[in-house]
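Here's the letter readout for the chains.
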Amino acid sequence: MMLGMIQRRAFRFRLEPDGAQRQKLARFGGAARWVWNRALAEQKRRLEAGERTAGYAEMCRSLTEWRHSPETPWLAEVHVNPLQQTLKDLDRAVRDSFRPGTDPARKRFPRFRKKSAGDHFRYPASVKTRVRPDGWAEVWLPKVGWVRYRSSRPIEGRIAQATLSEEGEQWFVSIQTEREVPEPAASEQPPVGIDLGVVRFATLSDGSYFEPLAPFKRGARQLARAQRRLSRKHKGSKNWRKQQRRVARLRRAEGRARLDFLHKTSTTIAKNHGVVVLEDLSVGQMSRSARGTPQEPGKNVRQKAGLNRSILDQGWGMFRALLAYKLAERGGRLVLVEAAYTSQRCSECGHTCPENRKGQALFCCAQCGYSAHADHNAARNILEAAGHAVQACGGKGHRPPDEAGTRGEAA
Ligand SMILES: [Zn+2]
């Protein structure tokens, strides 16, 4: 019998709510933000008092109190599920921030939500969709009703949850689905090792490579300029608010471009390769390495610190998550190997010494004379390291992708 696997998909559509529904969405979004901020304030108070933070169940008990409090009667008008989901998110964010080995991006202690950032809330499975006789697609949101949306493609799978988010003046729904599909036959595509970098986003052991997304840089400059302008405007003024919306719009455009790039790159790689090998580097480790190690003191620390900012911008964690699930769907798999001397070791003869590395771009072996682009040499080493890992202990196999990755949404 064939074993199934769960395939997760996200479908995102623009909502077309009527006036009353728009008010309800705003009220739900505002309530979710209030609950997040109220519970976060309580967690902070506890930490400052030296107490342990509240768990999810405890926060839910507080939520019941707030919903019955005469001070916040509007909370009771909002469906309880999205508010519970908000507490679930907060609970996870707090626990992530304490967990050792988490990527710094997730390790940050949760912050208060601002209305200007756009509200969002999530329903668990209780959401359904239908198509009206006049052709409009509608989504059922409990306590809001049937809301029209612009359907750009059919929804596949069972609805697992739905997230509503406000961007500018618009509301969007992202419907996450699950379905069981047969486990694909093992891929017959060739294996490949990949070195992730900054000058080249990804260099493959077959010598091909992917340039980083150029618009990243342009978008970053535009964003920086818009933020500078914002800081010069009088806070709270009409112009300030206008500029604030502009900053938010640029930030969303950048996020979309980045996600699109990561999707395209990971799809190409997953289509053409069976086993893909990456170094098991957390983003945190990559940042730290610029400060140097006893063996390799960090030269040009300032220049490298600049590079590190781009490392964090590349979205490597997301790339890894996307690659893992795309490979799994095609019968391939992601293997992670420990990073060890991949930049100093000759992939031809195995000779390992710091002299092999001639600057950032060129690798030239002091023993056998093999020379190649340094990232290409590293990618070959990474692939070879997996050969041992796979034979010795079955490798680490692929990791189940983060939820963040499977949702396919920009951060
Ligand atoms: Zn050599």
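For the structure, check the block above.
Computed from a prediction, not measured in an experiment: that's the story for all the values here.

A short note on the overall build of the protein
Moving on, step 1. Helix and strand counts for the protein come out as 11 helices and 15 strands.
Moving on, step 2. Expressed as a percentage of the 411 residues in the protein, the buried residues total 41%.
Moving on, step 3. Across the protein, the fraction of contacts at a sequence separation of at least 24, relative to all contacts at a separation of at least 6, is 67%.

A few points about empty space enclosed by the protein
Moving on, step 1. Counted according to the given criterion, the structure contains 1 cavity of 30 Å³ or more.
Moving on, step 2. Lining the largest cavity are Gln-222, Arg-225, Ala-226, Arg-229 and Arg-246.
Moving on, step 3. Counting residues per element, the lining of the largest cavity draws most heavily on helix 5 (residues 214–232), which supplies 4 residues.
Moving on, step 4. Looking at the lining of the largest cavity residue by residue, the classes come out as 1 nonpolar, 1 polar and 3 charged.

Looking at the pattern of salt bridges
Pairs may arise between side chains of opposite charge once their charged atoms sit close together.
Moving on, step 1. Counted under the stated rule, the structure contains 24 salt bridges.
Moving on, step 2. For the salt bridge of Glu-348 with Arg-380, the shortest nitrogen-to-oxygen distance reads 2.7 Å. One end of the pair, Glu-348, is in the loop between strand 12 (333–337) and strand 13 (357–358); the other, Arg-380, is in helix 10 (residues 374–393), and 32 residues separate them in sequence.
Moving on, step 3. Look at Arg-380 and you get partly exposed, because its relative accessible area is 25%.
Moving on, step 4. The network of salt bridges with shared partners includes Glu-42, Arg-45, Arg-46, Glu-51, Arg-52 and Glu-58.

What about the pairing of strand 3 (residues 128–131)?
Moving on, step 1. Direction of pairing for strand 3 relative to strand 4 (residues 137–141): antiparallel, over a ladder of 4 bridges. Residue pairing for strand 4: Arg-130 is matched across the bridge by Glu-138.
Moving on, step 2. Connecting the antiparallel pair strand 3 and strand 4 is a turn made up of 5 residues, with Gly-135 showing a positive phi of about 100°.

Let's talk about the nonpolar core
Moving on, step 1. Core analysis: the biggest nonpolar cluster contains 37 residues, and Leu-15, Leu-141 and Leu-164 have the highest contact counts within it.
Moving on, step 2. Here the element with the most residues in this core is helix 1 (residues 19–48); it accounts for 8 residues.
Moving on, step 3. Ignoring anything within four residues of it in the chain, the contact list for Leu-164 reads Leu-15, Leu-25, Asp-119, His-120, Phe-121, Tyr-123, Leu-141, Trp-171, Phe-172 and Val-173.
Moving on, step 4. With 24 residues, the next largest nonpolar core counts Phe-261, Val-276, Leu-323 and Leu-334 among its residues.

Some points on the packing of aromatic side chains
Moving on, step 1. Counting across every chain of the model gives 10 aromatic pairs.
Moving on, step 2. Each ring, one from Phe-201 and one from Phe-319, has its centre 5.0 Å from the other, and the planes form 85°; the classification is edge-to-face. Residue Phe-201 is located in the loop between strand 8 (192–196) and strand 9 (202–204), and its partner Phe-319 is located in helix 9 (residues 316–329); the two are separated by 118 residues in the primary sequence. Like Phe-201, the residue Phe-319 is buried in the burial classification.
Moving on, step 3. Clustering of aromatic rings is evident, with ring pairs tying together Phe-28, Phe-121, Tyr-123 and Trp-171.
Moving on, step 4. The side chain of Arg-12 reaches across the aromatic face of Phe-172, ending 4.3 Å from its centre.
Moving on, step 5. Sitting over the ring of Trp-36, Arg-113 keeps its end group 4.2 Å from the ring centre.

Cut-off values and rules
Residues numbered from 1 in each chain as written. Predicted model: local features only at pLDDT ≥ 70, side-chain atom pairs only at ≥ 80, totals over all residues. Heavy atoms only, no water. Helix = DSSP H or I, 4+ residues; strand = E, 2+ residues; numbered from the N terminus. Buried < 20%, exposed > 50% of the residue type's maximum accessible area, 1.4 Å probe, protein only. Contact = heavy atoms within 4.5 Å. 1 Å grid on protein atoms, 1.4 Å probe; cavity = no way out; pocket = protein on both sides within 12 Å on 5 of 7 lines; lining within 4 Å. Points joined across faces, edges and corners; volume = space filled by probe spheres on them. Nonpolar A, V, L, I, M, F, W, Y, C, P; charged D, E, K, R; others polar. Salt bridge = Lys/Arg side-chain N within 4 Å of Asp/Glu carboxyl O. Pairing = 2+ DSSP bridges. Core = buried A, V, L, I, M, F, W, Y, C linked by side-chain atoms within 4.5 Å. Phe/Tyr/Trp six-rings, centres within 6.5 Å; stacked < 30°, edge-to-face > 60°. Lys NZ or Arg CZ within 6 Å of the ring centre and 35° of its normal.

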